[in-house]
Every structure is written in C-alpha cells, then in structure tokens.
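For reference, the chains in residue letters:
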Amino acid sequence: MEQEKLERVQQEVNQVIQGKSDVVRKVFAAMLAGGHILMEDIPGVGKTTLATTFAKTLDLRYHRVQFTPDVLPSDILGFSMYQNKTGEFEFHPGSIFCNLFLADEINRTSPKTQSALLEVMEERQASVEGKTWALPDPFFVIATQNPSGSSGTQFLPESQLDRFMICVSMGYPEHQDAVAILKGESADLLSKVQPVLSAEELCALRSTSETIFVHDSIYDYIVNLVEETRHNDLFEMGASPRATIALLRISRAMAMIAGRDFVTAADVQKVLRDVLGHRVRLSARTRAERITVDQAMEQLVQTVKAPRM
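Predicted model, so just to flag it, every value in this text is computed and none were measured. (Residues numbered from 1 in each chain as written. Predicted model: local features only at pLDDT ≥ 70, side-chain atom pairs only at ≥ 80, totals over all residues. Heavy atoms only, no water.)

Colleague: Explain the overall build of the protein to me, and be specific about the residues and the numbers.
Modeller: Looking only at helices and strands, one finds 13 helices and 11 strands in the protein. Relative to the globule expectation of 19 Å for 309 residues, the C-alpha radius of gyration of the protein, 20 Å, shows essentially globular dimensions. Within the protein, the fraction of its 309 residues that count as buried is 49%. Long-range pairs, those at least 24 residues apart, make up 77% of the contacts in the protein with a sequence separation of at least 6. About 15100 Å² of surface is accessible on the protein, with carbon and sulfur atoms providing 50% of the total. Side-chain charges in the protein split into 32 positive and 40 negative, and the spacing between the mean points of these groups amounts to 2 Å. (Helix = DSSP H or I, 4+ residues; strand = E, 2+ residues; numbered from the N terminus. Rg over C-alpha atoms; globule rule 2.2 N^0.38 Å. Buried < 20%, exposed > 50% of the residue type's maximum accessible area, 1.4 Å probe, protein only. Contact = heavy atoms within 4.5 Å. Areas by Shrake-Rupley, 256 points an atom, 1.4 Å probe, with all protein chains shown as cover. Lys, Arg positive; Asp, Glu negative; His and termini not counted. Charge placed at Lys NZ, Arg CZ, Asp CG, Glu CD.)

Colleague: Go over the nonpolar core with me, naming the residues and quoting the values.
Modeller: Counting residues in each nonpolar core, the largest one holds 71 residues, and the members touching the most others are Leu50 and Phe54. At 10 residues, helix H10 (residues 241-257) tops the list of elements feeding residues into this core. Listed in part, the 27 residues of the second largest apolar core include Ala116, Leu117, Leu161 and Phe164. (Core = buried A, V, L, I, M, F, W, Y, C linked by side-chain atoms within 4.5 Å.)

Colleague: Which residues make up the side chain of Thr57, and what are the values?
Modeller: Residue placement: Thr57 occurs in helix H3 (residues 47-57). Sequence-distant contacts of Thr57, defined by excluding residues within four places in its chain, comprise Val9, Glu12, Val13, Val193, Gln194, Pro195, Val196 and Leu197.

Colleague: Go over the pairing of strand S3 (residues 78-83) with me, naming the residues and quoting the values.
Modeller: The side chains of a regular strand alternate, residue by residue, between the two faces of the sheet. The pairing of S3 with strand S4 (residues 88-93) spans six bridges and is antiparallel. Residue pairing across strands places Phe79 opposite His92, the latter belonging to S4. Between S3 and S4, which follow one another and run antiparallel, lie four residues, and Gly87 among them has a positive phi close to 70 degrees. (Pairing = 2+ DSSP bridges.)

Colleague: Any chance you could break down the sheet that holds strand S2 (residues 62-66) for me, citing the residues and the numbers?
Modeller: Within a sheet, neighbouring strands are paired by backbone hydrogen bonds and run either parallel or antiparallel to one another. A sheet is described by the order of its strands in space; here five strands give the open sequence S2-S5-S8-S1-S9, paired in parallel fashion. Every other strand in the sheet has two partners, leaving S2 and strand S9 (166-168) as the edge strands with one partner each. Taken pair by pair, the neighbouring strands of this sheet meet at an average axis angle of 15 degrees, ignoring direction. Two elements, strand S1 (residues 37-40) and strand S8 (residues 140-145), share four bridges in a ladder whose sense is parallel. Looking at S8, one finds that Leu38 is bridged to Ala143. (Axes fitted to C-alpha atoms, helices over the stretch in contact; angles between N-to-C directions.)

Colleague: Can you break down the pattern of salt bridges residue by residue, with the values?
Modeller: Per the counting criterion, the structure on display carries 16 salt bridges. Among the ionic pairs, Asp22 bridges to Lys26, the shortest N-O distance being 3.3 Å. With Asp22 and Lys26 both in helix H2 (residues 21-32), this residue pair falls four residues apart, about one helical turn. The partly exposed category is assigned to Asp22, whose relative accessible area is 37%. With a relative accessible area of 11%, Lys26 lands in the buried category. Between Asp267 and Arg260 there is a salt bridge, with the nearest N and O atoms lying 2.8 Å from each other. You can call Asp267 buried: its relative accessible area is 1%. Among the ionic contacts, a cluster of salt bridges with common partners joins Asp22, Arg25, Lys26 and Asp274. (Salt bridge = Lys/Arg side-chain N within 4 Å of Asp/Glu carboxyl O.)

Colleague: So, the packing of aromatic side chains: which residues are in play, and what are the values?
Modeller: Taken as a whole and assessed by the stated rule, the structure comprises two aromatic pairs. Considering the side-chain rings of Phe67 and Phe101, the 6.4 Å spacing of their centres and the 70 degrees angle between planes classify their relative orientation as edge-to-face. Pair noted here: Phe67 is in the loop between S2 and helix H4 (73-77) and Phe101 is in strand S5 (residues 100-104), with a separation of 34 residues, a long-range link. Accessibility classification places Phe67 together with Phe101 in one group, the buried group. Lying over the aromatic face of Phe262, Arg260 brings its terminal NZ or CZ to 5.6 Å of the ring centre. (Phe/Tyr/Trp six-rings, centres within 6.5 Å; stacked < 30°, edge-to-face > 60°. Lys NZ or Arg CZ within 6 Å of the ring centre and 35° of its normal.)

Colleague: Account for the packing of helix H9 (residues 216-231) against H10, with residues named and values stated.
Modeller: For the pair H9 and H10, interaxial distance at closest approach is 10 Å and the crossing angle is 140 degrees. Taken together, the axis directions place H9 and H10 in an arrangement best described as oblique. Of the two elements, H9 crosses H10, and the hand of that crossing is right-handed. Listed contacts from H10 to Tyr219, Ile222, Val223, Val226 and Arg230 of H9 are Pro241, Thr244, Leu247, Leu248 and Arg252. Tallied by class, residues from the contact of H9 with H10 come to seven nonpolar, one polar and two charged. (Parallel < 35°, antiparallel > 145°, perpendicular 65-115°, else oblique. Left-handed = near helix turned anticlockwise from the far one by under 90°. Nonpolar A, V, L, I, M, F, W, Y, C, P; charged D, E, K, R; others polar.)

Pasting the structure below:
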C-alpha cells in the first residue's frame, strides 16, 4: 500500500510537470527525508508550479512569498502588535507558519531577510521578540533562485546553502514535452490534481524511511565521498558534516521510492550532485580548466571506490 501511494504521488505531479520525472523523484525523496529544496533555474520553467503541485498532492498548507528587496524579516516570521482591548501584545504569525513554504526568487532579497530563514530551516522554529514558536510538522522550504549574474540577484551565503538538502535544476523541456505542455495548457491540469497523502501519512513515511537498512560499507562510502571533496584539488571548499547526513537521509528515501528496504551505492550516486553540488566550491585551477560542477562530481564518483553489495 505504501509503495502504491509513493507511485501515485509521482504520477499526479508528473501529469502537471511534463518530462521531469527525475526532478520530481528527487524533490519527493528530499521531502520524505525531511529536507529543504533549492531550485536554481531561469524564470518560466515550472519551479513554482512544481511546488504548488506537491502542496496539493500531499495536502499541505502552503504559503508563497515573492522575495524582493523590500521584504522584511517580520513578513516572514511575524510580529507582535499591541491590543488596546487587552492591554497586551498579540503575536501575528508570519507566512513561514505552514507546511510548505515557497521562497520565490530568494536571491533577490536582502541578506537580513535571507537570514530570517536560517533558524526555521535548521530548528523548525521561529524566534520573534524573545519568544520561540514551533512550526507545523511537516515543514519544508522550497526556494527558487535565478542563476547567478541575473539582474538584481546576489549570492546566497554558504551557511544558508548548506541548509538545503538538495539543489536541482528543471532545465528546458524536450521538444515532445514542450508540445505536450502546449496541448495541456488550456486544460488547467493543476486544478485536477488530487491529494494522495495527508500530512500525517507523510510524517509516517518519513519515519519509515529512517528505518531503511544501510550496510556499514555504504556508511563508509558516503563518508569517503564527502571527505574526498575536502582533500581533492578539484575543490577549494569541501562539503560539511551536514552534507554527509543529508546524503544518507535522501539515499534512504530514494531506496524506499524504488521499493527496496536497503540502500545501494547507486542510490547514493543518483543524488550525489544534488546534495553536494551547491555545498562545494571549485578551485581556481578547476575553474580555469573549465571543469563544471557536474564533471567534478563525476570525477568524484570515479575516484572513490564504490562497495560491492
């Protein structure tokens, strides 16, 4: 029954997001692993639609904020207002108090507003005026950002990038998928999306994914991959211990989606670029040789010996 629902969730989303089943699977795996998702791409390729579709399919309370330079931390976290009738301050929750928070074009707002998300992403709580407020469970952040160098954008700090479990890119659709999108444009596919899981069922599946068996050799393999980013001269800055945990959790979720109760090296390799790509910094030599992050990750897989199951 669980496997059937996992497949139905992806089917519902794939009906709206044409030709991006791999991205859909990875985003779903990150949510099953309790992680946050960063989507970097040009405008108009369906990032916001993907987040909205998942919110409807998983029956999650969903808020969206368009990040602009004038958005304030209080817009995100909330604020206290004095009430004349009671003579007390009353807390008004911000948009972050939901199950799925879409931070649209996050790299267009000020660093002060971006930093308002650091605590909520790590601790699942918000501190406002000396008081701490717990966020709903489950809670996910899906953030979109325009490519670096786009008008009005700035780099996200490493501390914030590290809090995103994965960073994925939608990319342009293939020709046949673009034709299918045009044919379905008038059908309003998003309105036909049906809830498949409840928030409670999603939390239960997240707990199930944490029980997926991981052999000691896979633990070693994950740590070896991350440690290689700290020693290999391809990289100027390696991945953090948080990246190791993220790689383990999403590998378990990928195994569960595939219908297995154990993790393989292939599960790890499928999400390696998505988990580590935004956490590492290429060295000057690597950039001078025009080696991309994708190519560096491929070399990483070839360098670190995978265990034989």
